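Summary of the model geometry
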Amino acid sequence: MKIVLFDAKNYDKKHFDAANQAYGYEIIYLEPALNRHSALMAKGADVVCPFVNCTIDSQVIDILKEEGVKLIAMRSAGFNNVDYKYALEQGIPTVRVPAYSPHAVAEHSFALLLALVRKLTHAYVRTREFNFSLSGLVGMDLYEKTFGVVGTGKIGRVAIDIAKGFGMHVLAYDPYPAKNLDVEYTNLDTLLRTSDFISLYCPLTKDNEHMINERTLDEMKNTAFIINTSRGALIDSDALLEALKEKKIGGAALDVYEEEAGIFYTDQSSEGIADDTLARLISMPNAIITSHQGYLTEEALRAISETTLKNVKEAEEGRTLTNQVK
Ligand code: NAI
């Protein structure tokens with residue numbers, strides 16, 4: 001099997017090469033993300049292995065089919081960026097890695113939350129300049145605050161446990177509430193109105209795009225913090241920026257951004273960025289933004305590479321695809 005891995009970074013190569021010891025596949029690592037401009041680079045591949053900022057739409061799928069690709073092996077949990085139904089109609093199934101380390105993402109959401117609430121980025125810059133003043137660095141206890149969890153799947157559940165460890169009161173919303181989960185479920189409006197922290201752990205679907213928008217931001221406490229480690233388009237970024245500027249909410253911690261494709265995972269430090277909303281969000285003192293790195297731990301990368309190659313093996317042997325997106 002020949003696998004072409006798009007949007008490949010050195011850490012992907014390290015982990016895929018290690019996992020591939022057990023399989024011996026030919027893996028080609030390519031820097032560009034998979035999209036209409038790069039799809040022809042899949043020439044000769046049996047499998048393409050895209051990541052979160054690739055765009056696998058019908059046009060890309062037509063090219064992949066033409067080039068003989070038999071499997072789309074996403075190396076992510078999310079699959080909102082692949083037209084998997086169209087791909088399947090063309091005879092190309094899509095597989096993914098449904099779980100690799102929910103801990104990695106949940107822990108990152110708390111890293112962001114703590115950095116924001118305790119103003120760690122400001123404190124870090126100050127002490128590096130030998131400025132030991134504490135003026136403007138007053139934070140807030142998490143203890144006894146309300147943590148609103150939107151989506152109580154694998155990552156949301158780990159986040160609930162972490163929040164409880166801080167002594168927080170946890171409220172949850174999920175259209176499919178989990179049975180036997182020790183958490184207080186409520187509706188989304190109540191969660192948004194009463195939480196001190198609102199953290200998103202749900203997938204991006206057609207129904208929940210911009211679920212955080214001008215109206216829902218208005219409903220939140222003006223001290224509320226929003227944390228998004230799921231998918232950027234869950235939040236209307238322009239509305240969020242306005243809410244931050246007008247101090248309608250306390251702050252925002254984002255690991256994802258709706259227009260992140262082409263920006264995140266690249267070094268733009270010498271050119272700057274053309275996206276004014278993102279640039280302004282980054283400049284806000286009460287916002288912290290990371291470049292979709294919630295998953296980026298050694299444990300998660302190892303699990304991603306191992307499950308991806310297991311998915312490929314199942315396809316190679318014509319077995320049931322355990323992790324097929326349907
Ligand atoms: P999961 O499938 O285990 O859980 C998702 C939960 O969200 C389910 O309980 C589902 O019922 C619920 N849900 C669906 N629609 C909803 C809505 N409109 N409102 C509230 N809840 C809703 O997924 P998991 O593993 O917990 O991952 C969640 C998301 O995290 C992924 O879909 C992905 O977008 C994102 N993610 C981000 C990563 C990062 O590096 N920042 C890495 C991995 C995942």
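Residues numbered from 1 in each chain as written. Predicted model: local features only at pLDDT ≥ 70, side-chain atom pairs only at ≥ 80, totals over all residues. Heavy atoms only, no water.

1. Quick word on the nonpolar core
Where we set the bar: By nonpolar core we mean a set of buried residues, namely Ala, Val, Leu, Ile, Met, Phe, Trp, Tyr and Cys, connected to one another through side-chain atoms within 4.5 Å. Each residue gets one of three labels from its accessible area relative to the maximum for its type: buried under 20%, exposed over 50%, partly exposed in between, using a 1.4 Å probe on protein chains only. Helix and strand definitions follow DSSP, with helices as H or I runs of at least four residues and strands as E runs of at least two, each counted in order from the N terminus. The contact criterion used is simple: two residues touch if any of their non-hydrogen atoms lie within 4.5 Å.
Membership of the largest hydrophobic core comes to 31 residues, with the highest contact counts inside it found for Ile-198, Ile-212, Met-220, Ile-226 and Leu-240. Listing elements by their share of this core, those giving two or more residues are helix H7 (188–194), strand S9 (197–200), helix H9 (237–245), strand S11 (251–254) and helix H10 (276–283). Here this core gets five residues from one element, more than from any other, and that element is H9. Non-local contacts of Ile-226, meaning those with residues more than four positions away in its chain, are made with Ile-198, Ile-212, Met-220, Ile-235, Leu-240, Ile-249, Gly-251, Ala-252 and Ala-253. Counting 24 residues, the second-largest nonpolar core is a separate cluster that includes Phe-110, Leu-142, Met-168 and Phe-225.

2. Comments concerning helix H2 (residues 58–66)
Rules: Directions from the helix axis toward the C-beta atoms define the arc.
Those residues of H2 that sit buried are Val-60, Ile-61, Ile-63 and Leu-64. Projection of H2 onto a plane perpendicular to its axis shows the buried side chains occupying an angular sector of 160°, all on one side. Where H2 terminates, the next one or two residues include Gly-68, which has phi positive at roughly 90°.

3. A closer look at the site of the ligand
Our working rule: One heavy atom within 4 Å of a molecule or strand makes the whole residue count as near it. Pairs of N or O atoms within 3.5 Å make up the polar contacts considered here, provided that, within protein, one atom can donate a hydrogen while the other can accept it, and that residues adjacent in sequence are counted only when both atoms are side-chain atoms. For the accessible areas, the method is Shrake-Rupley and the probe is 1.4 Å, while residue cover comes only from the protein chains on display. Asp, Glu, Lys and Arg are counted as charged, while Ala, Val, Leu, Ile, Met, Phe, Trp, Tyr, Cys and Pro are counted as nonpolar; the rest, among them Gly, fall into the polar class.
Taken together, 23 residues surround the ligand, and among them Tyr-100, Lys-154, Ile-155, Asp-174 and Thr-229 come closest. Measuring from an oxygen atom of the ligand, one finds a backbone N or O atom of Ile-155 at 2.9 Å. Note that an oxygen atom of the ligand is positioned 3.5 Å from one of the backbone N or O atoms of Ser-230. Surface burial for the ligand is 84%, taken as the share of its 870 Å² of free accessible area covered by protein chains. Tallied by class, residues from the shell around the ligand come to eleven nonpolar, eight polar and four charged.

4. Examining the pairing of strand S6 (residues 146–150)
Note the following rule: For two strands to count as paired, DSSP must find a minimum of two bridges between them. Seen with its strands pointing away from the viewer, a crossover is right-handed if its path from the first strand over the helix to the second goes clockwise.
The buried fraction of S6 is high, at five of five residues. Judged by which residues are buried, S6 turns out to be covered on both faces: Thr-146, Gly-148 and Val-150 on one side and Phe-147 and Val-149 on the other are all buried. Here S6 pairs with strand S7 (residues 169–173) via five bridges, running parallel. Of the residues in S7, the one forming a bridge with Val-150 is Tyr-173. Remark: the S6/helix H6 (residues 154–165)/S7 crossover connection has right-handed handedness. Relative to S9, S6 is paired through four bridges, and the arrangement is parallel. Bridge pairing links Phe-147 to Phe-197 in S9.

5. Comments concerning the packing of helix H1 (residues 10–19) against helix H11 (residues 298–316)
What counts is decided by this rule: Helix axes use the C-alpha atoms of the stretch in contact, all axes being lines fitted to C-alpha atoms, and the angles between their N-to-C directions lie in the range 0 to 180 degrees. Throughout this description, any angle smaller than 35 degrees is read as roughly parallel, any larger than 145 degrees as roughly antiparallel, any in the 65 to 115 degree range as roughly perpendicular, and the remainder as oblique. Definitions for this section: a left-handed crossing has its near helix turned counterclockwise from the far helix by less than a right angle. A right-handed crossing has that turn clockwise.
The contact between H1 and H11 brings their axes to 9 Å, and the two run at 50°. In this view, H1 runs oblique relative to H11, as classed from their interaxial angle. At the point where H1 passes H11, the crossing takes the right-handed sense. The segment H1 lies against H11, with Tyr-11, Asp-12, Lys-14, His-15, Phe-16 and Ala-19 engaging Glu-298, Leu-301, Arg-302, Ile-304, Ser-305, Glu-306, Thr-308 and Leu-309. Among the residues making up the contact of H1 with H11, the classes are represented as six nonpolar, three polar and five charged.

6. So, the domain arrangement of the protein chain
Using the following cut-off: Boundaries between domains were set according to an automatic or database domain assignment. Accessible area that two parts lose when put together, with a 1.4 Å probe and added across both, is what the buried area reports.
Looking at the assigned domains, one finds that the protein chain contains domain 1 (2–100 + 297–316) and domain 2 (102–289). Centre-to-centre separation of domain 1 and domain 2, based on C-alpha positions: 29 Å. Across the contact, twelve residues belong to domain 1 and nine residues belong to domain 2. Between domain 1 and domain 2 lies a buried interface of about 910 Å² when both sides are counted; carbon and sulfur atoms form 57% of it.

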